[in-house]
Amino acid sequence: MAYFIQLVFAGIALGCIFALIGLGFSIIFKASEVINFAQGELLLVGAYIVSAGVFEWHIPFFLALLLGITVTVAIGLLFERLVLSRMIGRPVFSILMITIGLDIVLRTIVIVRWGSNPIPAATPFGVTSGFNIGGVHFGTNDIWTIIVTVLLCAALFYFFRFTKYGLAMRATALDQEAALAVGINIRTVYALAWGIAAAIATIGGVFLAIDSFAIDPTFGNTALLAFPAIILGGLDSVSGAVVGGIIIGLAQVVTAGYESHFANVLGAGFHEITPYIIMILVLLIRPYGLFGTRKVERL
């Protein structure tokens, strides 16, 4: 029983990281209907800057985290303002290709600056720190991952429900033309969405780096693991990204924990495809995801 509880706790913590990554995808898509394929590289850049800040520039961890968030937010804002704002009205495929281009550019910059070898992850606490209860180890990083995810979700809920810009983003997501008609600055909404997504990506990247002990230029590929989570929850649903992330994290960790018992049937590495199997099964029943908005087109 203790082993199962350990797996569930680890799965929830991993799911929270997927949720943080998925939130970035959902916020941008909800505001502008653009899937940002560079989200993983924003995560990569943020994690590298935080680690470089601690180990190269010898600044305190939280100051390095603030620096990482500032840089990734600046990248997101500049990309939206200088590139995406000029693509309004263009085919969606063209916009997707541009975000893939940003992905490649950011990864190349990281390789040029820091090389291809792994570097240690910056952390404000011991990697193995935590406490044990009934044979279950509750790691400090996992605990703080869950706490920060809950706090960020609460902050986003308050932002979207009670603030001026949050309401503007919700209105833009519902109907861009109507939002323009009532005087909402769409460009400001888009920039805000990219800034928030970049900040959340950095926070998620730091927790994932601590969990992985080290980072390398392939680190951004983890965002692809969060993709089943946002598809499962609903691409345009912020709450769906959180629920989907936790479901995918639990499924992956629990499957990995028990797959050795069924290796003769399932084979090794079955946990790697479990998220995609769950995603497909859910989409067969709910094509727009668990919390996605059903789109109705009138002819």
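Refer to the structure presented above.
Nothing here was measured: the structure is a model prediction, and the numbers come from that model.

A.B. asks: Describe the overall build of the protein, naming the residues involved and giving the relevant values.
C.D. replies: Within the protein one finds twelve helices and four strands. Expected size for 299 residues packed as a compact globule is a radius of gyration near 19 Å; at 19 Å, the protein falls within 12% of this value. Across its three principal directions, the C-alpha atoms of the protein cover 60 × 50 × 35 Å. Looking at the protein as a whole, 49% of its 299 residues qualify as buried.

A.B. asks: I'd love a proper account of the packing of helix α9 (residues 222-233) against helix α12 (residues 274-285), names of residues and values included.
C.D. replies: When two helices pack together, their arrangement is given by the angle between their axes and by how far apart the axes lie. Interaxial distance between α9 and α12 falls to 9 Å at its minimum, and their mutual angle equals 20°. When the axis of α9 is compared with that of α12, the two are roughly parallel. You can see that α9 and α12 cross each other, and the crossing is left-handed. Between α9, through L224, L225, P228, I231 and L232, and α12, the contact on the second element is made entirely by P275, Y276, I278, M279, V282 and L283. Partitioned by chemical class, the residues of the contact of α9 with α12 number eleven nonpolar, no polar and no charged.

A.B. asks: Run through the pairing of strand β2 (residues 130-133), naming residues and quoting values.
C.D. replies: Two strands pair when backbone bridges link them, and β2 and strand β3 (residues 136-139) are joined in this way by four bridges, in the antiparallel orientation. Residue pairing for β3: G130 is matched across the bridge by G139. Connecting β2 to the next strand, β3, in antiparallel fashion are two residues, including G134 with a positive phi near 60°.

A.B. asks: For the packing of aromatic side chains, give the residues involved together with the corresponding values.
C.D. replies: Counted under the stated rule, the structure contains ten aromatic pairs. Seen from their ring centres, F25 and F227 are 5.5 Å apart, and the 80° between their planes marks the pair as edge-to-face. Taken together, the positions of F25 in helix α1 (residues 2-32) and F227 in helix α9 put the pair 202 residues apart, joining distant regions of the chain. With a centroid separation of 5.3 Å and an interplanar angle of 40°, the aromatic rings of Y48 and W114 are classed as tilted. A residue pair is termed long-range when its members are at least 10 positions apart, and Y48 in helix α2 (residues 39-55) and W114 in helix α4 (residues 92-114) qualify at 66 residues. Note on accessibility: Y48 and W114 belong to one class, buried. One aromatic cluster is present, formed by F9, F131 and F138 through successive ring pairs. In this structure, K164 packs its charged tip against the face of Y165, placed 5.7 Å from the ring centre.

A.B. asks: Just give me the short version of the packing of α1 against α9, but keep the residues and values in it.
C.D. replies: Between α1 and α9, the shortest axis-to-axis distance is 8 Å and the interhelical angle comes to 75°. When the axis of α1 is compared with that of α9, the two are roughly perpendicular. Here α1 contributes F18, I21, G22, F25 and S26 to the contact with α9, which in turn contributes T222, A223, L225, A226, F227 and I230. Residue composition of the contact of α1 with α9, by class: eight nonpolar, three polar and no charged.

A.B. asks: I'd love a proper account of the side chain of T140, names of residues and values included.
C.D. replies: Structurally, T140 can be placed in helix α5 (residues 140-162). What makes T140 buried here is its relative accessible area of 18%. Contact partners of T140, with chain neighbours within four places excluded, come to F125, S129 and G130.

A.B. asks: Describe a nonpolar patch on the surface, listing the residues and the values that go with them.
C.D. replies: A contiguous nonpolar surface patch, about 860 Å² in accessible area, is contributed by L224, L225, I273, Y276, I277, I280, L281, L284 and I285. Among the secondary structure elements, those contributing two or more residues to the nonpolar patch are α9 and α12. In terms of residues, the nonpolar patch owes the most to one element, α12, which gives six residues. Among the structural elements, I273 can be located in the loop between α11 (263-266) and α12.

A.B. asks: An account of the pattern of salt bridges is requested, with residue identities and associated values reported.
C.D. replies: The tally for this structure, following the rule as stated, stands at four salt bridges. Among the ionic pairs, E41 bridges to R107, the shortest N-O distance being 3.4 Å. Here E41, found in helix α2, pairs with R107, found in helix α4; they are 66 residues apart in sequence, far enough to count as distant. Residue class for R107 comes out partly exposed when judged on its relative accessible area of 26%. Among the ionic pairs, E80 bridges to R81, the shortest N-O distance being 3.7 Å. Taking the relative accessible area as the measure of exposure, E80 reaches 1% and is therefore buried. R81 gets classed as partly exposed once you look at its relative accessible area, which sits at 36%. Here the salt bridges do not stand alone but share partners, grouping E41, D103 and R107 into one network.

Analysis parameters
Position numbers for residues count from 1 along each chain, tracking the sequence in the order it is written. For this predicted model, a pLDDT threshold of at least 70 governs which residues receive local features, and a threshold of 80 or more governs which side-chain atom pairs are given and counted, while totals over whole chains, interfaces and linings are taken from all residues. The side-chain values count all of the structure's non-hydrogen atoms but skip hydrogen atoms and water molecules. For the purposes of this entry, the term helix denotes a DSSP run of H or I that reaches at least four residues, the term strand denotes a run of E that reaches at least two, and both are numbered from the N terminus. The quantity called the radius of gyration is restricted to C-alpha atoms. Its globule counterpart is 2.2 Å times the number of residues to the power 0.38. Note on classification: 1.4 Å probe, protein chains only; a residue is buried when its accessible area is under 20% of the maximum for its type, exposed when over 50%, partly exposed between these limits. Here an axis means a line fitted to C-alpha atoms, over the contact stretch when the element is a helix, while the angle between two N-to-C directions is reported on a 0 to 180 degree scale. Note on terminology: angles under 35 degrees are roughly parallel, angles over 145 are roughly antiparallel, angles of 65 to 115 are roughly perpendicular, and the others are oblique. Helix crossings fall into two classes, left-handed where the near helix is turned counterclockwise from the far one by less than a right angle and right-handed where it is turned clockwise. Any two residues whose heavy atoms approach within 4.5 Å at even a single point are treated as in contact. When residues are grouped by polarity, Ala, Val, Leu, Ile, Met, Phe, Trp, Tyr, Cys and Pro land in nonpolar, Asp, Glu, Lys and Arg in charged, and all others, Gly among them, in polar. Any two strands between which DSSP finds at least two bridges are classified as paired. Aromatic pairs are defined between Phe, Tyr and Trp rings, using the six-membered ring for Trp, whenever the two ring centres lie within 6.5 Å; interplanar angles under 30 degrees are classed as stacked, those over 60 as edge-to-face, and all others as tilted. To sit over a ring, a charge needs its Lys NZ or Arg CZ within 6 Å of the ring centre and within 35 degrees of the ring normal. The residues that make up patches have over 30% relative accessible area and no salt bridge, and they are joined within 9 Å when like-charged or within 5 Å when they are Val, Leu, Ile, Met, Phe, Trp or Tyr. In short, Shrake-Rupley with a 1.4 Å probe defines the accessible areas, and a residue's cover is counted only from the protein chains shown. Take a side-chain nitrogen of Lys or Arg and a carboxyl oxygen of Asp or Glu: if they are within 4 Å of each other, that pair is a salt bridge.

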